[in-house]
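# Fold and contact review
Below, each chain spelled out in residue letters.
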Amino acid sequence: MQKIFLALAFLISLNAAAQQTLGKLTVEKIMRHPSWMGTSPSAQQWGADGSLYFYWNPDGAPADSLYFISRNSTQPRKATPAQKQALVWENNKVYNRAGSAFAYAQNGDIFYTIIKTGKTIRIVKTVDIETNPQFSFNDSMLVYQRSQNLFAWNIATGETMQLTRIQAGTAGGPRGSNARTDSDNAQEKWLKQDQLKTFTVLRERKEKKDATDAYNKKLPKEASLKLIDIEDKFLQNLSISADGNFISFRLFKSAANNKGSIVPSYVTESGFTTDIAARTKVGQQAGSSELFIYDRLSDSLISIKTTGLPGLQDVPDYAKDTAAKKNEKALARGLNFSNTSWSPTGHTLLVDIRSLDNKDRWLATWQGDSSNLKLTDRQRDEAWVGGPGNFSRGWIDDNNVWFLSEASGYSHLYSINILSGVKKVLTSGQYEIGDVNLSKDKKFFYITTNEVHPGEKHFYRIPVAGGKATRLTMMEGNNEVVLSPDEKTIAILYSYSNKPTELFLQDNEAGKKPLQVTSKAQSDEFKTYPWRDPAVVKFKASDGAWVYARLYKPATAGNSKPAVIFVHGAGYLQNAHKWWSNYFREYMFHNLLADEGYSVLDIDYRGSAGYGRDWRTGIYRHMGGKDLTDQVDAAAFLSDSLGVDKNRIGIYGGSYGGFITLMAMFTKPGVFAAGAALRPVTDWANYNHGYTSNILNEPFTDSIAYRKSSPIYYADGLQGHLLMCHGMLDVNVHYQDVVKLTQRLIELKKDNWELASYPMEDHGFVEPSSWTDEYKRIFKLFEQVLKK
């Protein structure tokens, strides 16, 4: 009997070991729910007490996945419900200038915390929702927003006063029969004068009233809280200056008659088809915005003007010929007041202004002397203004501002004195600055850059005045850093090409060794496979540019020597890097392909992030131009340098990658034998305004750009084998796109194509069954076409 039990135990142990071994990769294995791979920490956040909180789920819990480490122990512990409820995320906190207290909004009320004692005061407890706490009146008051108005809580006395009277829909209301008016006609004026001459009582009463009014005007009084009517507009960015003298706000009015779209949902609980309300399409009418400043001391309202800004009537290059032919005068372009921020101690307002065509960005200041703005910096791009950290700017002190700009061709850090206009270049070179944070003592900037390599991100400290930057992280890959409140420690979410993200702690000094805090990113099963570390290589494109790529080499090439090129999505995104990719499913699929004898290349084509302004805007007015020829050049690199059979190259990708796949299959005959286009854009006139208008302008102003860039116009060029996959609930790239292209392929009598539809999926698939079905089809396509 004992032998039987021992044999059973041995078999059970063998079975358990087999279950933990991944073995040969299959689509079914790698497309399971991602939890099989392990669990990575995310969203690290320092608490006011020095504890570090982060989301993590080593236990596979359904909801309670918040963990923390304390000052005294680096052993991760699960946060209690009370800790989770009490935690205030750092981006919700507003600190006073001394850094001794902070305020925050939570559950619709405002709280004030004294850091030294840890004491928290709930300053309001109402059924109304209070938001947007700000320190003002030289930090003596805490100002917050309720509905559309500002209120101030006196920190010393606990008293509250209302600062504004803003409401909608009061102007133009009905007047009563006795309503006064300043527009009396001549007959009415004569009648009034005659009444005063005729009746003594009327004359005496008027004289008494006039005398009372004159006396009352001389009395000292508080601000009368001028009633500000915003009519049918939306109030935004309500904010008070540090000295409490001025209040700024933006009024936004939505454009009328913009037609939305719908996405039908066929598989529903009710059994009836329902419609999902979705976005408008490119070319929609733009809303309008106005910027106002309320002067509390004079109880007056100032409407901010932009008339002094340079370039307000500049015509974009693409439209100059058309305007000249029509002999049209240049008109002032539409503008948007996007962001504002007050100086640290006074009342100078920094204003970020964008042209609606997004070819200009102005930074300007208002200093309390008129309704006009003073130019701080202008950034102009004939394509579109953008880049990493493009919305980043802030105050160093009351006279100096910092900002990021691509003026040099790469995103770099600048400062400017708003009084003298002297600008300093704080960083320079062929690399990009991403995140920027100013130290509490305002002596240093903490910046994240890819200076070491386009595919690495590191954390640096640089003096505010400029100079040599000190590199603080040394681990090769991606270092996503959050600085502790006392700025003595950095928390690093770190990953490498074949190593998912883990959490590390390090002293905030150069050369210090990081301490690993978590170690559950790779499950035991995941660790049993030798995941490739794809080489980051580069090849020369046909126009001489160097293109970076990730290369997966096959285990054994075999006789057929096939290859696949993967096209990442999102357009402005980077995937030829040295960190764990958001495309982790595709990464595992590429390992599977390499095991099956394929060479796989994943390139950062024109338009990708990480390589500067000209690379970013290389697709302007022609998507499917240089971004597509980069794929063609990649195919040539595979055959010329790696011995791949040029007749056995496939291409695939999702979203923008699906679009590029279609353009490749339609316009580059013979280069790609097979392509899988996942959730692809087929007609850019169907896509959203914010993304598309930057790159292609608008369909009715630049129809040539849309005609050149939309695959539906080139469907007759299909020669190879095409697979299309699309979620029917896609509210980003609508299912309508692939339906329209399907009809074109039917009309053109094209062969060797198929469409797979997913009734329960949006743009990003969530169901493992959908991922599995999609990638089994992709793998089958490549196996049948590229290896036959």
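Every value quoted in this text rests on a predicted model; they were computed, and no experiment measured them. (Residues numbered from 1 in each chain as written. Predicted model: local features only at pLDDT ≥ 70, side-chain atom pairs only at ≥ 80, totals over all residues. Heavy atoms only, no water.)

### Side note on the pattern of salt bridges
Going through the model one piece at a time under the given rule, you end up with 33 salt bridges. Close ionic contact of R393 with D352 constitutes a salt bridge, the shortest N to O distance being 3.5 Å. Here the residue R393 occupies a position in strand β25 (residues 393-397), and D352 occupies one in strand β22 (residues 349-355), the gap between them amounting to 41 residues. The same class applies to R393 as to D352, namely buried. A salt bridge links D630 to R606, with the shortest nitrogen-to-oxygen separation between them at 2.9 Å. Of this pair, D630 sits in helix α10 (residues 626-642) while R606 sits in the loop between β40 (599-603) and α9 (613-616), placing them 24 residues apart in sequence. Like R606, D630 is buried. (Salt bridge = Lys/Arg side-chain N within 4 Å of Asp/Glu carboxyl O. Helix = DSSP H or I, 4+ residues; strand = E, 2+ residues; numbered from the N terminus. Buried < 20%, exposed > 50% of the residue type's maximum accessible area, 1.4 Å probe, protein only.)

### Things to note about the pairing of strand β7 (residues 109-114)
For β7, the tally of buried residues reaches five of six residues, placing the bulk of the element in the interior. With six bridges joining them, strand β6 (residues 101-106) and β7 adopt antiparallel strand pairing. Among the inter-strand pairings, A101 is bridged to a residue of β7, identified as I114. Linking β6 back to β7 in an antiparallel pair, the connection comprises two residues, with N107 at a positive phi of about 55°. Both β7 and strand β8 (residues 120-122) contribute to a ladder of three bridges, which runs antiparallel. When the bridges of β8 are listed, Y112 appears paired with I121. The loop that links β7 with its antiparallel partner β8 comprises five residues; one of these, G118, has a positive phi angle of about 80°. (Pairing = 2+ DSSP bridges.)

### What to know about the packing of helix α8 (residues 584-595) against helix α15 (residues 768-786)
Remark: α8 packs on α15, axes separated minimally by 12 Å, with the N-to-C direction vectors making an angle of 35°. Once α8 is placed against α15, the crossing between them reads as right-handed. Where α8 abuts α15, its residues R585, E586, F589, L592 and L593 lie against W771, Y775, I778 and F779. Its residues assigned to classes, the contact of α8 with α15 comprises seven nonpolar, no polar and two charged. (Axes fitted to C-alpha atoms, helices over the stretch in contact; angles between N-to-C directions. Left-handed = near helix turned anticlockwise from the far one by under 90°. Contact = heavy atoms within 4.5 Å. Nonpolar A, V, L, I, M, F, W, Y, C, P; charged D, E, K, R; others polar.)

### Describing the side chain of S709
By the element assignment, S709 lies in helix α13 (residues 703-709). Among the residues examined, S709 registers a relative accessible area of 0% and is labelled buried. Discounting chain neighbours no more than four positions away, the residues touching S709 are R621, H622, M623, F659, M663, W684 and L696.

### Some details on the nonpolar core
Judged by nonpolar contacts, the single largest core of 58 residues is most densely connected at I565, L601 and W684. Tallying contributions element by element places helix α11 (residues 656-667) first for this core, with eight residues. Sequence-distant contacts of W684, that is, excluding residues within four places in its chain, are made with V282, M623, Y656, F659, Y691, T692, L696, Y706, S709 and S710. Counting residues in each nonpolar core, the second largest holds 41 residues, with L22, Y529, Y583 and A676 among its members. (Core = buried A, V, L, I, M, F, W, Y, C linked by side-chain atoms within 4.5 Å.)

### Overview of the environment of A570
Tracing the backbone through its elements, the reader meets A570 in the loop between β39 (563-567) and α8. What makes A570 partly exposed here is its relative accessible area of 41%. Through-space distance from the C-alpha of A570 to that of G657 is 7.8 Å; in sequence the pair is 87 residues apart. Contacts of A570, omitting those with residues within four sequence positions, involve Y656 and Y691.

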